Amino acid sequence: RPSLLRAILSVVECPQAAHSVASLAATAGMSRSSFARSFAASLDLTPMEFVGQARIARARQLLTSTELSVATVATSAGFASRSHFSRSFRSAVGADLLSFRDRLKKDQHVRRA
């Protein structure tokens, strides 16, 4: 549905924005309840679960391609705090942030050798 696509694109293009079900529904031109129902039926995720996944994806991209601090990555990906980011990341990725970055550095070192 084009209306849902507008909301999805707004999240993918700018995951760090202050998205809410109400703001995404407005982007889609739908009522809050109709949007939430249609979104979940189409993607098998709630709108805010989708936002969380988009933020984790953005954070992973920043962690793998930059040397930004964890706090800066958290803010850039749209998390309210470093601790919220750490909990969300661990839950989604299955590794804490330091282990994730250490593993990346080891992988990059192995590729160069």
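No experiment lies behind these values; they were computed from the predicted model shown.

Engineer: Mind laying out unusual backbone geometry, listing which residues take part and the relevant values?
Structural biologist: Notably, Asp-44 is not glycine yet its phi reads approximately 60°, a positive angle. Here Asp-44 shows up in the loop between α3 (32–43) and α4 (47–65). For Asp-44, a relative accessible area of 69% translates into the label exposed.

Engineer: Could you give me a rundown of the packing of aromatic side chains, with the residues and numbers involved?
Structural biologist: The final tally for this structure, using the stated rule, is 5 aromatic pairs. Between Phe-79 and Phe-85 the ring centres are 5.0 Å apart and the planes differ by 40°, which places this aromatic pair in the tilted class. You can call Phe-85 buried: its relative accessible area is 0%. Taken together, a centroid distance of 5.1 Å and an interplanar angle of 75° make the contact between Phe-89 and Phe-100 edge-to-face. Placement of Phe-89 in helix α6 (residues 82–93) and of Phe-100 in helix α7 (residues 97–112) is noted, with a sequence separation of 11 residues between them. Its relative accessible area of 5% is what places Phe-100 among the buried residues. Taken together, the ring pairs connect Phe-79, Phe-85, Phe-89 and Phe-100 into an aromatic cluster.

Engineer: I'd like a description of the confidence of the model for the chain, backed by residues and values.
Structural biologist: Model confidence for the chain is summarised by a mean pLDDT of 91, while 94% of its residues fall at 70 or above. At the low end of the mean pLDDT range in the chain sits α7, at 73; at the high end sits helix α2 (residues 21–28), at 97.

Engineer: Please give an account of the nonpolar core that cites residues and values.
Structural biologist: Of all hydrophobic cores here, the largest spans 15 residues; its most connected members are Val-11, Leu-24, Phe-35, Phe-39 and Phe-50. Looking at this core, the elements that each hand over two or more residues are α1 (2–13), α2, α3 and α4. Residues contacting Phe-50, with those up to four places away along its chain left out, are Ile-8, Val-11, Val-12, Phe-39, Leu-43 and Leu-45. By size, the runner-up hydrophobic cluster in this structure holds 14 residues, among which are Leu-62, Ala-77, Phe-89 and Leu-104.

Engineer: I'd like to hear about the packing of α4 against helix α5 (residues 70–77), residue by residue, with values.
Structural biologist: Across the interface, α4 lies against α5 with an axial gap of 9 Å and an inter-helix angle of 140°. Classified by the interaxial angle, the pair formed by α4 and α5 is oblique. The interaxial crossing formed by α4 with α5 has right-handed handedness. Every residue of α5 that contacts α4 at Arg-55, Arg-58, Ala-59, Leu-62 and Leu-63 is listed here: Val-73, Ser-76 and Ala-77. Broken down by class, the residue content of the contact of α4 with α5 amounts to 5 nonpolar, 1 polar and 2 charged.

Procedures and definitions
Residues numbered from 1 in each chain as written. Predicted model: local features only at pLDDT ≥ 70, side-chain atom pairs only at ≥ 80, totals over all residues. Heavy atoms only, no water. Helix = DSSP H or I, 4+ residues; strand = E, 2+ residues; numbered from the N terminus. Buried < 20%, exposed > 50% of the residue type's maximum accessible area, 1.4 Å probe, protein only. Phe/Tyr/Trp six-rings, centres within 6.5 Å; stacked < 30°, edge-to-face > 60°. pLDDT = per-residue confidence, 0-100. Core = buried A, V, L, I, M, F, W, Y, C linked by side-chain atoms within 4.5 Å. Contact = heavy atoms within 4.5 Å. Axes fitted to C-alpha atoms, helices over the stretch in contact; angles between N-to-C directions. Parallel < 35°, antiparallel > 145°, perpendicular 65-115°, else oblique. Left-handed = near helix turned anticlockwise from the far one by under 90°. Nonpolar A, V, L, I, M, F, W, Y, C, P; charged D, E, K, R; others polar.

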